[in-house]
Amino acid sequence: MKLLVAGGDRVDAGKTTFSAGLCRKTSARGYKPRAGNDYWFDHDDYRTAVADGRLYGKDAKRLAAASPQPVRPEEINPTHRLWLPTPGRGSGLLGQDGRQFVCDRVRVGDDAPDGIPTNDAGDAFVVNDTVEIPASARESLPLSEAVRVDSLPAFNDLMERLHAPATDRVADEIEATDRAVVESYADIARPFPSLSADAVAVVEPRRCRVFDGERYLKACEVASGSAREGQLEERVGNVLELVDPVATVSLPALTGEERSDSDAVADAYAPAYEALLSVAL
């Protein structure tokens, strides 16, 4: 059983809270194939990770904790990007206004491409050579031997060699997993094109819309502007113009303490999870 959770809002849709509770409800392993955090806005989470010489975000950490077997965040989140605000400098290397990517952590295991160094955990790092790296990142992360990029063509080439195979590996793992909850990122409709799903939950404050997995993914294909992975991504809003929900369920407001307790979320969101499972099973 494969369950996809996407967000109807770009920011704070509640995807991770919903996904963590769903992992508890179904005893499924959670996955966050692509993620990122911001050196400024997510500084506490960033410092927690780099203190151990690692790079991951709170979403992957919560999903790992909610999964039934022990798992490191990096294992369920093969690609993580660190962003840095750059006010007044226009768009950066990846075309993001007001921010630049600092570095990527890509999990490659024993399958690193030629010339790509990895750390002992099997992670490779890619550094943006056009920005100043924060001192804490230079001191705590293995960036001295990381691959450095200074242009979009060079970065696109590296993504084909490094990032795409990492996504393929986690895609194969998800497909082979008996029960998986896959959380997308921002308001992207699906984290990668080859994903299969038995049912889809699109969550946002106050509601969850449930979709048949096959119909939702077919709508993603129609909405897609390109078959080339990573170049154009389908936004949830564009996809939902093409497919109707099977059910819409209200989500209650939760306290901070309840949101941090996946078992409490599983109880509070039980009607939404039951509607989702009725479509998946």
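Here is what the cut-offs are and how they apply
- Residues numbered from 1 in each chain as written.
- Predicted model: local features only at pLDDT ≥ 70, side-chain atom pairs only at ≥ 80, totals over all residues.
- Heavy atoms only, no water.
- Patch = residues over 30% accessible without salt bridge, like charges linked within 9 Å, V, L, I, M, F, W, Y side chains within 5 Å.
- Areas by Shrake-Rupley, 256 points an atom, 1.4 Å probe, with all protein chains shown as cover.
- Salt bridge = Lys/Arg side-chain N within 4 Å of Asp/Glu carboxyl O.
- Lys, Arg positive; Asp, Glu negative; His and termini not counted.
- Charge placed at Lys NZ, Arg CZ, Asp CG, Glu CD.
- Helix = DSSP H or I, 4+ residues; strand = E, 2+ residues; numbered from the N terminus.
- Buried < 20%, exposed > 50% of the residue type's maximum accessible area, 1.4 Å probe, protein only.
- Pairing = 2+ DSSP bridges.
- Axes fitted to C-alpha atoms, helices over the stretch in contact; angles between N-to-C directions.
- Contact = heavy atoms within 4.5 Å.

A.B. asks: Break down a negative patch on the surface for me, citing the residues and quoting the values.
C.D. replies: Taken together, the side chains of Glu-257, Glu-258, Asp-261 and Asp-267 present a region of like negative charge at the surface. For Asp-261, the position within the fold is in the loop between helix 9 (256-259) and helix 10 (262-268). Taking relative accessible area as the criterion, Asp-261 reaches 36% and is therefore assigned partly exposed.

A.B. asks: So what's going on with the sheet that holds strand 3 (residues 34-38)? Residues and values would help.
C.D. replies: Overall, mixed pairing links the five strands, which are arranged 3-4-5-6-7 in an open sheet. Strand pairing shows two members of the sheet lacking a second neighbour, strand 3 and strand 7 (147-149), which therefore form its edges. Taking the axes of each pair of neighbouring strands and ignoring which way they run, one obtains an average angle of 20 degrees across the sheet. In this structure, strand 5 (residues 99-107) lies alongside strand 6 (residues 123-128), joined through five bridges in antiparallel fashion. For Asp-104, the partnering residue across the bridge sits in strand 6 and is Val-126. Set on the sheet, helix 6 (residues 152-176) makes contact with strand 3, strand 4 (79-85), strand 5, strand 6 and strand 7; between it and strand 5 the angle comes to about 45 degrees.

That's the geometry; what it means functionally is another story.
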